[in-house]
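What the coordinates show
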Amino acid sequence: MRPPQLAQPRVAPSILAADFAQLGAQVSEVLEAGAKLIHIDVMDGHFVPPITMGPLIVSALRELASAHGALLDVHLMIERPERQVVEFTRAGADSITIHAEATPHLDYVLAEIRDAGAAASLAVCPSTPVALYAEVADAIDMALCMTVNPGWGGQQFIEASIGKLERLAPLLGDGVALEVDGGIDVATAQRCATAGAGVFVAGTAVLGSKDPAAAYVALAEAVGDPRR
């Protein structure tokens with residue numbers, strides 16, 4: 001089932017944009033400001049060119065997130081995610097997003113995530129049609145619509161994403177959250193909210209800013225995140 005933290009609009013600061021020398025301190029800032037989701041981008045150098053982080057980072061943030069009643073939202077931009085689901089849930093992932101383009105076994109992997117005790121989420125790249133969600137709507141707790149091409153932070157929001165969100169929202173059940181990721185700031189988040197999104201991943205706009213706590217609060221207020 002969808003975690004209660006996703007039942008209302010939520011901003012999910014992405015640690016991809018953090019200063020990793022200050023990671024714990026920066027995550028603490030946004031948690032103390034009210035964040036209830038921390039987004040962790042995992043890249044393998046195959047599905048997307050960059051290589052980022054793995055289960056050790058999830059494990060390192062687990063206690064900190066739990067102390068603030070927050071979830072760790074893990075986004076696997078990796079090939080064959082079925083090989084890594086167990087490791088990430090053991091490390092403390094509360095939700096795991098896989099890409100439709102990364103495995104031929106969507107039903108199997110989504111069931112594996114749920115069986116491991118995490119919420120199951122499915123992402124699609126900007127060029128992937130949303131129609132496939134109709135086939136797996138009962139198997140997911142969240143749908144992630146990428147609003148940039150996966151793999152790099154700081155990209156410009158893809159304008160066609162608004163229409164894609166409008167087409168995607170009706171395909172999802174009432175209990176499925178709709179997440180956006182890429183180029184999210186106050187202006188684009190509000191537009192995505194109008195199109196049906198309820199979870200807003202923000203890296204550069206929050207943890208990449210000079211004042212992450214203030215940036216999180218501004219974005220949370222813009223989309224109605226209750227910060228509690």
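Shown above is the structure to which this text applies.
Remember, it's a predicted structure, so these values are computed and weren't measured experimentally.

Here we come to the overall build of the protein. Looking only at helices and strands, one finds eight helices and eight strands in the protein. Taken over the C-alpha trace, the protein has a radius of gyration of 16 Å; the compact-globule value for 228 residues is 17 Å, and the two agree within 12%. The principal-axis extents of the C-alpha atoms in the protein amount to approximately 40 × 35 × 35 Å. Within the protein, buried positions represent 56% of all 228 residues. The long-range fraction of contacts in the protein, counting pairs at least 24 apart against all pairs at least 6 apart in sequence, stands at 64%. Surface exposure of the protein reaches about 9400 Å², of which carbon and sulfur atoms provide 52%.

This part covers the pairing of strand 7 (residues 177–181). Within strand 7, five of the five residues are buried, which leaves the element mostly enclosed by the surrounding structure. Taking every second residue as pointing to the same face, both faces of strand 7 are buried, with Ala177, Glu179 and Asp181 on one and Leu178 and Val180 on the other. Pairing analysis gives five bridges linking strand 6 (residues 142–146) to strand 7, with the strands arranged parallel. Bridge pairing in strand 7 links Cys145 to Val180.

It is worth spelling out helix 8 (residues 212–223) at this point. Along its 12 residues, helix 8 runs 17 Å from first to last C-alpha, staying within 8% of the 16 Å computed at 1.5 Å per residue. Those residues of helix 8 not exposed but buried are Pro212, Ala213, Ala215, Tyr216, Val217, Leu219, Ala220 and Val223. Contact partners of the buried residues in helix 8: strand 1 (10–13), helix 1 (23–32), helix 7 (186–194) and strand 8 (199–202). Residue Gly224 follows helix 8 closely and has a positive phi angle near 85°.

Once that is clear, we can look at the packing of helix 7 against helix 8. Two elements in contact, helix 7 and helix 8, have axes separated by 9 Å at closest approach and are oriented at 25°. With respect to helix 8, the axis of helix 7 lies roughly parallel. Remark: the crossing between helix 7 and helix 8 carries right-handed chirality. Listed contacts from helix 8 to Val186, Ala189 and Gln190 of helix 7 are Ala218, Leu219, Ala222 and Val223.

Rules behind the numbers
Residues numbered from 1 in each chain as written. Predicted model: local features only at pLDDT ≥ 70, side-chain atom pairs only at ≥ 80, totals over all residues. Heavy atoms only, no water. Helix = DSSP H or I, 4+ residues; strand = E, 2+ residues; numbered from the N terminus. Rg over C-alpha atoms; globule rule 2.2 N^0.38 Å. Buried < 20%, exposed > 50% of the residue type's maximum accessible area, 1.4 Å probe, protein only. Contact = heavy atoms within 4.5 Å. Areas by Shrake-Rupley, 256 points an atom, 1.4 Å probe, with all protein chains shown as cover. Pairing = 2+ DSSP bridges. Expected span 1.5 Å × (residues − 1). Axes fitted to C-alpha atoms, helices over the stretch in contact; angles between N-to-C directions. Parallel < 35°, antiparallel > 145°, perpendicular 65-115°, else oblique. Left-handed = near helix turned anticlockwise from the far one by under 90°.

Coordinates in, geometry out; function isn't part of it.
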